[in-house]
Amino acid sequence: MNTEDLKSLIPAVDTRSLVDRVEMNLMDFFIKRNLKPGDPIPKEIELSAAMGVSRTVIRESLNRLKTMGLVEAKKHRGTIIKSPDIAEILQKSMIPRILNETTLRDVFEMRLILEVGMADLVVSRASDQDIEELFEIVKDESLQSADTLFDVDYEIRFHGKLYEITGNETLKSFQGLLLPIFNYAYSSGLINKHFENKHYVSHKELVETLRHRDADKFRNDMRWHLENHFRRIMVKAEGSSENGYGIKSSFNSSGRNSLS
Ligand SMILES: [Zn+2]
């Protein structure tokens, strides 16, 4: 019987599902053995013999785990278990142009929520030197919020310093992740309502509040600093009786406005 005839009679083995199964078995094995970051895992050849699959299948499964940041190859030590960097994994799929509008909006909102929400950490963890550094960053700040908005480097320096002060590494790497998408969502016109600029809580005012170690005021000031963005996402959708999210902002009556 020739190969073509045989092929029509016997279904091909789904090697992809084999890799899937090996990947799952490896994960189970790591968990059962209670392996910790830095622990070595058995060699490819040992795993291949133990699981009864080819080394190619083992290698492909391990490569997937590497992509997920769960294992890494070390010189002289073979492959070891690694604590995954959550932000790094997300970063691989966070390419603004291929994210749909809903995700872009969600990310835009996440940045706003994080920056208002981290007020307590910033106020309780900022050292006097951190505050000095912030004063240094804001010393040439323009009073025009529009100027601040378009100076992206300045924005990142200021808000990046706040993330740094929290001492939360995961939060910090989220900033690196969220900001490019935030800027993309803004500049792409997806979230593009223009508001009159009447009042503005500047970076300078924020640092002043931080110096007085007043967490409630800092949170509130940050909320107003970001007011223009909040209004963009809370604004009534065209032709709708609701705003875009069906949520009413309690911050929409003062005419305060900020761009960044
Ligand atoms: Zn700002």
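Residues numbered from 1 in each chain as written. Predicted model: local features only at pLDDT ≥ 70, side-chain atom pairs only at ≥ 80, totals over all residues.

Peer 1: For this particular structure, what's the right way to read the overall build of the chain?
Peer 2: For the chain, the count of helices and strands is 14 helices and two strands. Across the chain, every contact between residues at least 6 apart in sequence was considered, and the portion connecting residues at least 24 apart equals 70%. (Helix = DSSP H or I, 4+ residues; strand = E, 2+ residues; numbered from the N terminus. Contact = placed C-beta atoms within 7 Å.)

Peer 1: Help me understand the confidence of the model for the chain, please; the structure alone is not making it clear to me.
Peer 2: As a note on interpretation, predicted positions should not be read in detail where pLDDT is low. This prediction gives the chain a mean pLDDT of 82; 83% of its residues lie at or above 70. Across the chain, the secondary-structure element scoring lowest on mean pLDDT is helix 9 (residues 145-150), at 57, and the one scoring highest is helix 7 (residues 119-125), at 97. This stretch, residues 238-260, has a pLDDT under 50; its non-local contacts, to residues over four places away or in other chains, come to 50 contacts. (pLDDT = per-residue confidence, 0-100.)

Peer 1: Even after reading the chapter, I still don't get the nonpolar core, so can you show me in this structure?
Peer 2: For soluble globular proteins, the rule of thumb is that nonpolar side chains tend to be buried together. Ranked by size, the top nonpolar core spans 19 residues in total, and within it A119, V122, L206, V207, L210, F218 and M222 carry the most contacts. Elements with a minimum of two residues in this core: helix 7, helix 8 (128-138), helix 10 (152-166), helix 12 (203-211) and helix 13 (215-225). Take this core: its biggest share by element is four residues, from helix 10. Not counting residues within four places of it along the chain, the set of residues in contact with M222 comprises E115, V116, A119 and L206. (Core = buried A, V, L, I, M, F, W, Y, C linked by C-beta atoms within 7 Å. Buried ≥ 20, exposed ≤ 12 C-beta atoms within 10 Å, placed from the backbone.)

Peer 1: So what exactly am I meant to see when it comes to helix 13 here?
Peer 2: Given 3.6 residues per helical turn, the α-helix brings residues three or four places apart onto the same face. Every buried residue of helix 13 is accounted for by F218, D221, M222, W224 and H225. Viewed along the axis of helix 13, the buried residues span an arc of 160°, placing them on a single side of the element. Elements that come into contact with the buried residues of helix 13 comprise helix 6 (101-117), helix 7, helix 12 and helix 14 (227-234). (Arc of directions from axis to C-beta.)

Peer 1: What exactly am I supposed to notice about the packing of helix 10 against helix 11 (residues 169-187) here?
Peer 2: The relative placement of two packed helices comes down to the angle between their axes together with the axis-to-axis distance. Packing of helix 10 against helix 11 leaves a shortest axis separation of 9 Å and a crossing angle of 155°. Our classification of the angle between helix 10 and helix 11 gives roughly antiparallel. The handedness of the crossing between helix 10 and helix 11 comes out as right-handed. Across the interface between the two elements, V152, I156, G160, Y163, E164 and T166 from helix 10 touch L171, K172, Q175, L179 and N183 from helix 11. Partitioned by chemical class, the residues of the contact of helix 10 with helix 11 number five nonpolar, four polar and two charged. (Axes fitted to C-alpha atoms, helices over the stretch in contact; angles between N-to-C directions. Parallel < 35°, antiparallel > 145°, perpendicular 65-115°, else oblique. Left-handed = near helix turned anticlockwise from the far one by under 90°. Nonpolar A, V, L, I, M, F, W, Y, C, P; charged D, E, K, R; others polar.)

Peer 1: How do you make sense of the packing of helix 12 against helix 13 when you look at a structure like this?
Peer 2: The N-to-C vectors of helix 12 and helix 13 enclose an angle of 170°; their axes lie 9 Å apart at closest approach. On the basis of the axis angle, helix 12 is roughly antiparallel to helix 13. For the pair helix 12 and helix 13, the contacting residues are E205, L206, T209 and L210 in the first and K217, F218, D221, M222 and H225 in the second. The class makeup of the residues in the contact of helix 12 with helix 13 is four nonpolar, two polar and three charged.

Peer 1: Explain the environment of L90 to me, please; I cannot follow it from the model alone.
Peer 2: Mapped onto the elements, L90 comes out in helix 5 (residues 86-91). With 87 residues separating them along the chain, L90 and L177 place their C-alpha atoms 8.0 Å apart.

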